[in-house]
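The primary structure of each chain is shown beneath.
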Amino acid sequence: MATARELYEERLNRIKTAVALGKPDRVPVVPLGDSFCARHVGVKLSDFCTIPTLSNEVILKSFTSLGEVDGIQHASFYVHNLSTLWLAKLKIPGRDLPEDELWQVQEVELMKVEDYDVIIKDGFNKFIEKFFYDRLDNLGAKVQVFVESLSGAIKATEDLGIIPFSPAIATIPYEMFCGGRSMTEFLKDLFRIPDKVQAAMDVAMPEIIENTRQLCRALKPIAIWVGGWRAASEFLSPRLWKRFVLPYYKELVQAVVDEGVIPVLHFDSNWTRDLEYLRELPKGKCVFSPDGNTDIFKAKEILGDHMCIMGDVPAAMLSLGTPDEVHNYCRRLIENIGPSGFILAQGCDIPPNAKPENVKAMIESVKG
Amino acid sequence: MVSGFLGSGKTTFIRHLAGYLVVQKEQRVVIIENEAGEVGIDDRFLAREGFQVREIYGGCICCQLTGELTLAVNQIAEQFNPDWLIIEATGIARPSTILNTLRKYGKGINDIFTFVIADTGRWEELSEIMPELIFAQISEADLVIAGKIDEASDGALQSLMVKAKEINPRVEVLAASLIKGIEEPVLRRLLQHA
């Protein structure tokens, strides 16, 4: 019987072969299922989302009980990390919602229009430090709980021979500003003061890049989560997407690749229109991870010889479908998107109400 | 299903429609609030006004919402068997994303009718910034309501009506202030469509 170390090496090799567009011995399966795992093992979402060490135990217990996974996308979960991505307040189970309801990012205007000037004048890091303290209830201190627990979560995962694939997160200024301003207000800004928005983005970007480089150097992950949903093609005209989204992703992705880390492009909502532009990202170094809204078969056609694709069993199928339906969809993915340059996973995140037998069917489908 | 971009006036519209159905028509109505974190003046005011409301939370994005929504629809059909189920769709989704899941997995649904609320004052701006989503919402609508007309110019209303017809020639467009209420003849007309 293989040791955990041998399993780890075998699975890492499988994943890295897929990322490099090669054909592994079989398609790897690397799920992400934060809230699902909590419900599956009977832990309240209120505890799961606020205690990172518990979330790591729960994620590992859930997935190892459902089959043989090659990796997990997140080694642990901490709800406050969502505020660092979208500069937004949250509704948290057990505090603002019933104990077992799913958390919710609040779509309110927390960042003011004057804040663009503050960023331009003082820089992004200085702005964000104050923003976290004043408007997000000392978020910097809260996030330390997660940061301090992360190396332990990564080790616990590796000790089981499982790859902690993309345990950290980064994104572009668009996602942050849009979340902080609220989508409604941010779109007004793009229409009314586009030059000022771009000036603030251009000040923020070098600091975000440097923060991401430091993160990669400190953590030395195999991959990191890079993405979001607000900058998806379906929410923005081509002209604005090419100005406010594409150049920033190109820069961020290149920095991550330069650090020897794989950027997992966790691109939620519909990006089909602009798939062609993702060919401008480094070949054989990234993973494109759509959520079921982008046409993954079109993605294969356009990106298949350029970028590994990961996905995309839809959330609704995992909640409402049958194991046969899930198995058949996964086999279709494995045979048509794979077997080279493909990693099997859910689209986005396995939802809390997914049926365990459906998740099991997804995990087992890689065996044939 | 009531669709339309964030801030277009969906909740206000639902308040008038549900009120009319419950009070004037004595119908059993359940409302599902399927928003993506959008917080209005009071995001619980429908429940406080005595309507039967089920709220659905979606994490950080709506990709997880459609399954939860369909499960809620099935549960409501079984437990309450209402005459009308009004779903407030998240403003950042195409109606078809939700409709396809409902049609595939939903139970107890006789028919689905899609209202799209368009913000007349911001029509030009939103059409330029996010044409694909706005046009998709119009093209998948059974009826478009040009809302917030008291905040918009006559030209903006005219432009919306012409463009909506171009996108979806079969759709009827009705204009309403929403905030000042909807007159009963208009409500009757809406329900004739549904």
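Before reading on, note that the structure itself is shown above.
Parameters and conventions
Residues numbered from 1 in each chain as written. Chains lettered and ligands numbered in written order. Predicted model: local features only at pLDDT ≥ 70, side-chain atom pairs only at ≥ 80, totals over all residues. Contact = placed C-beta atoms within 7 Å. Helix = DSSP H or I, 4+ residues; strand = E, 2+ residues; numbered from the N terminus. Nonpolar A, V, L, I, M, F, W, Y, C, P; charged D, E, K, R; others polar. Core = buried A, V, L, I, M, F, W, Y, C linked by C-beta atoms within 7 Å. Buried ≥ 20, exposed ≤ 12 C-beta atoms within 10 Å, placed from the backbone. Pairing = 2+ DSSP bridges. Right-handed = clockwise from strand over helix to strand, strands pointing away. Axes fitted to C-alpha atoms, helices over the stretch in contact; angles between N-to-C directions. Parallel < 35°, antiparallel > 145°, perpendicular 65-115°, else oblique.

1. Considering the interface of chain A and chain B
- Taken together, the contact pairs 35 residues of chain A with 28 residues of chain B.
- Going through the elements one at a time, strand E3 (104-105), helix H10 (183-192) and helix H15 (315-320) of chain A are the ones with two or more residues in the side of chain A that touches chain B.
- Here the side of chain A that touches chain B gets 5 residues from one element, more than from any other, and that element is H10 of chain A.
- For the side of chain A that touches chain B, the residue count by class is 19 nonpolar, 9 polar and 7 charged.

2. Here's the deal with the nonpolar core
- Residues Val287, Phe288, Ile309 and Ile343 of chain A are the most contacted members of the largest nonpolar core, which totals 181 residues.
- Setting aside residues up to four positions removed in sequence, Phe288 of chain A forms contacts with Leu265, Phe267, Leu278, Ala299, Leu303, Met307, Ile309 and Met310 of chain A.

3. So, the pairing of strand E6 (residues 143-147) of chain B
Residue and element names in this part refer to chain B.
- Summarising burial for E6: 4 of the 5 residues are buried, a large majority.
- As defined by bridge partners, strand E5 (residues 115-119) adjoins E6 across 5 bridges and the pair is classed as parallel. Bridge assignment links Phe115 to a residue of E6, and that residue is Leu143.
- The sheet contact formed by E6 and strand E7 (residues 172-175) spans 4 bridges and is parallel. The residue bridging Val144 from the neighbouring strand is Val173, located in E7.
- Handedness of the β-α-β unit built from E6, helix H7 (residues 154-167) and E7 comes out right-handed.

4. Topic: the sheet that holds strand E8 (residues 287-290) of chain A
Residue and element names in this part refer to chain A.
- Strand order in this open sheet of 6 strands is E5-E6-E7-E8-E9-E10, and the pairing throughout is parallel. If you trace the sheet from one side to the other, it starts and ends with strand E5 (169-170) and strand E10 (342-346), each paired once.
- Of the strand pairs in this sheet, strand E7 (residues 262-267) and E8 are connected by 4 bridges, and their pairing is parallel. Considered in E8, the bridge of His266 is made with Ser289.
- Across the sheet, helix H1 (residues 4-19) lies against E7, E8, strand E9 (308-313) and E10, angled at about 105 degrees from E10, the strand it touches most.

5. Focus: the packing of helix H2 (residues 34-41) of chain A against helix H4 (residues 52-66) of chain A
Residue and element names in this part refer to chain A.
- In the contact formed by H2 and H4, the axes pass within 9 Å of each other and the chain directions differ by 75 degrees. For the element pair H2 / H4, the angle class is roughly perpendicular. Each of Cys37, Ala38, His40 and Val41 in H2 lies in contact with H4, whose residues at this interface are Val58, Ile59, Lys61, Ser62 and Phe63.
- Within the contact of H2 with H4, the residues separate by chemical class into 6 nonpolar, 2 polar and 1 charged.

6. What about the environment of Leu71 of chain B?
- Here Leu71 of chain B shows up in helix H3 (residues 65-79).
- Remark: the alpha-carbon pair of Leu71 of chain B and Glu132 of chain B, spanning 61 residues in sequence, is separated by 29 Å.
- With residues near it in sequence (within four places) discarded, Leu71 of chain B still touches Ser319 and Asn353 of chain A.

7. Remarks on unusual backbone geometry
Residue and element names in this part refer to chain A.
- Of note, the bond from Gly338 into Pro339 is cis; its omega dihedral lies within 30 degrees of zero at 0 degrees.
- Tracing the backbone through its elements, the reader meets Pro339 in the loop between helix H16 (323-336) and E10.
- Although it is not a glycine, Asp137 adopts a positive phi angle of roughly 55 degrees.
- If you trace the backbone, Asp137 turns up in the loop between helix H7 (124-135) and helix H8 (139-159).
- Judged by the 12 C-beta atoms lying within 10 Å of it, Asp137 is exposed.
- If you check the backbone angles, Cys348 has positive phi at about 60 degrees while not being a glycine.
- The topology assignment puts Cys348 in the loop between E10 and helix H17 (356-364).
- Judged by C-beta crowding, with 28 C-beta atoms within 10 Å, Cys348 ranks as buried.

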